[in-house]
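If you want the building blocks of each chain, they are given just below.
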Amino acid sequence: MKILLIYLIAINITAYATYAWDKHISKKRNAWRVPEKNLLLLAAIGGSIGALFAMYTLRHKTLHKKFFLGVPAILILQLILMALGAKNYFIDL
């Protein structure tokens, strides 16, 4: 359980930092940007809270439908899966 918590903290910090970096770079011309699929992948592998927090605190990617709808949908799915996992964990005790 402790390893999972450390992982979730690390991936959410990474997601936030990556979204912040992409926002910073977006203001420069001809600069390498983080691919959108990588930003969404960070949310999908557990960084959805960090991604969502970055989207709204930095006002980044909030007008793109795949982010506006996708990141909250990923978070909801992750919360459902976590609730089901917790339910099964406590039933097995």
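Fair warning: this is a prediction, and the values are worked out from it, not measured in the lab. (Residues numbered from 1 in each chain as written. Predicted model: local features only at pLDDT ≥ 70, side-chain atom pairs only at ≥ 80, totals over all residues. Heavy atoms only, no water.)

**Digging into the pattern of salt bridges**
Here the structure, examined in full by the defined rule, presents three salt bridges. Between Asp22 and Arg33 there is a salt bridge whose closest N-O contact spans 2.9 Å. Note that Asp22 is positioned in helix α1 (residues 2–26) and Arg33 in the loop between α1 and α2 (36–58), a separation of 11 residues in sequence. According to the relative accessible area criterion, Asp22 is buried, its value standing at 0%. The partner of Glu36 in a salt bridge is Lys61, with the nearest N and O atoms 3.1 Å apart. Of this pair, Glu36 sits in helix α2 while Lys61 sits in the loop between α2 and α3 (65–68), placing them 25 residues apart in sequence. When its relative accessible area of 10% is taken as the criterion, Lys61 is described as buried. (Salt bridge = Lys/Arg side-chain N within 4 Å of Asp/Glu carboxyl O. Helix = DSSP H or I, 4+ residues; strand = E, 2+ residues; numbered from the N terminus. Buried < 20%, exposed > 50% of the residue type's maximum accessible area, 1.4 Å probe, protein only.)

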